[in-house]
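Now for the letters of each chain:
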Amino acid sequence: AAGAYTRSISLAREQLRLNPRDAMAHSYAATSLAKTKHAAEAGTEMMQALELAPKEPSILVDAAVVAALTGRTADAVGWLRKAVSAGYCRTILAQQQEFEGFRNDPEFQEIIAAPPRAAGS
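Note that this is a predicted model, so its numbers are computed, not measured.

## Focus on the overall build of the chain
Helix and strand content of the chain: seven helices and zero strands. Listed N to C, the secondary structure of the chain is α-α-α-α-α-α-α in terms of helices and strands. For 121 residues, the compact-globule estimate of 2.2 N^0.38 gives 14 Å, and the C-alpha radius of gyration of the chain, at 15 Å, lies within 12% of that figure. Along the longest, intermediate and shortest principal axes, the C-alpha atoms of the chain span 50 × 25 × 20 Å.

## Points about the packing of aromatic side chains
Scanning the model with the defined rule gives three aromatic pairs in all. Between Phe99 and Phe102, the aromatic rings sit 5.8 Å apart at their centres with planes inclined by 45°, giving tilted as the arrangement. Across this residue pair, the class does not change: Phe99 and Phe102 are buried. A residue is classified by how much of its surface remains accessible, and Phe102, at 8% relative accessible area, is buried. One aromatic cluster is present, formed by Phe99, Phe102 and Phe108 through successive ring pairs.

## Some details on the nonpolar core
What tends to happen in soluble globular proteins is that the nonpolar side chains get buried as a cluster. Core analysis: the largest hydrophobic core is formed by 32 residues, its most contacted members being Met46, Ile59, Val61, Leu80, Leu93, Phe99 and Phe102. Residue assignment for this core shows that the elements contributing at least two residues are helix H1 (2–18), helix H2 (23–35), helix H3 (39–52), helix H4 (57–69), helix H5 (73–85) and helix H7 (106–112). Per element, the largest residue contribution to this core is nine residues, and it comes from H4.

## With respect to the pattern of salt bridges
Following the criterion strictly, the structure yields seven salt bridges and no others. Two residues, Glu98 and Lys35, come together in a salt bridge whose shortest N-O distance is 2.8 Å. Separated by 63 residues along the polypeptide, Glu98 in the loop between helix H6 (90–95) and H7 and Lys35 in helix H2 bring together distant segments of the chain. Between Arg81 and Glu107 there is a salt bridge, with its nearest N and O atoms 3.6 Å apart. Remark: Glu107 occurs in helix H7 and Arg81 occurs in helix H5; sequence separation between them is 26 residues.

Calculation criteria
- Residues numbered from 1 in each chain as written.
- Predicted model: local features only at pLDDT ≥ 70, side-chain atom pairs only at ≥ 80, totals over all residues.
- Heavy atoms only, no water.
- Helix = DSSP H or I, 4+ residues; strand = E, 2+ residues; numbered from the N terminus.
- Rg over C-alpha atoms; globule rule 2.2 N^0.38 Å.
- Phe/Tyr/Trp six-rings, centres within 6.5 Å; stacked < 30°, edge-to-face > 60°.
- Buried < 20%, exposed > 50% of the residue type's maximum accessible area, 1.4 Å probe, protein only.
- Core = buried A, V, L, I, M, F, W, Y, C linked by side-chain atoms within 4.5 Å.
- Salt bridge = Lys/Arg side-chain N within 4 Å of Asp/Glu carboxyl O.

Shape is all these values report; function is a separate question.
Okay, here's the thing in structure tokens:
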């Protein structure tokens with residue numbers, strides 16, 4: 001898997017060379033860097049992605065992934081909360097491998113729980 005993440009970093013950086021304001025490329029670089037244990041670089045890339053697209057649900061989830069992989073559980077939960085509020089699918093979050101360690105966390109369970117139905121629906 002390390003080779004795939006290294007390739008992903010390379011492709012993201014090439015895209016950023018062409019367009020430094022590509023928030024998704026910064027986000028892809030950040031998650032791949034975090035998965036290859038480059039926490040400081042991952043944090044820098046993620047900050048740039050969030051600066052460019054602070055309300056993009058998939059970038060908010062990637063911020064949670066980076067936080068989770070770098071041992072910042074409270075930050076990860078905060079990003080997950082924001083991602084769901086921005087419209088990210090709870091079901092997908094519940095299945096993501098990066099959040100496996102959160103499965104029994106009451107805050108995580110609250111985030112992925114379906115919202116209560118409105119009266120009459």
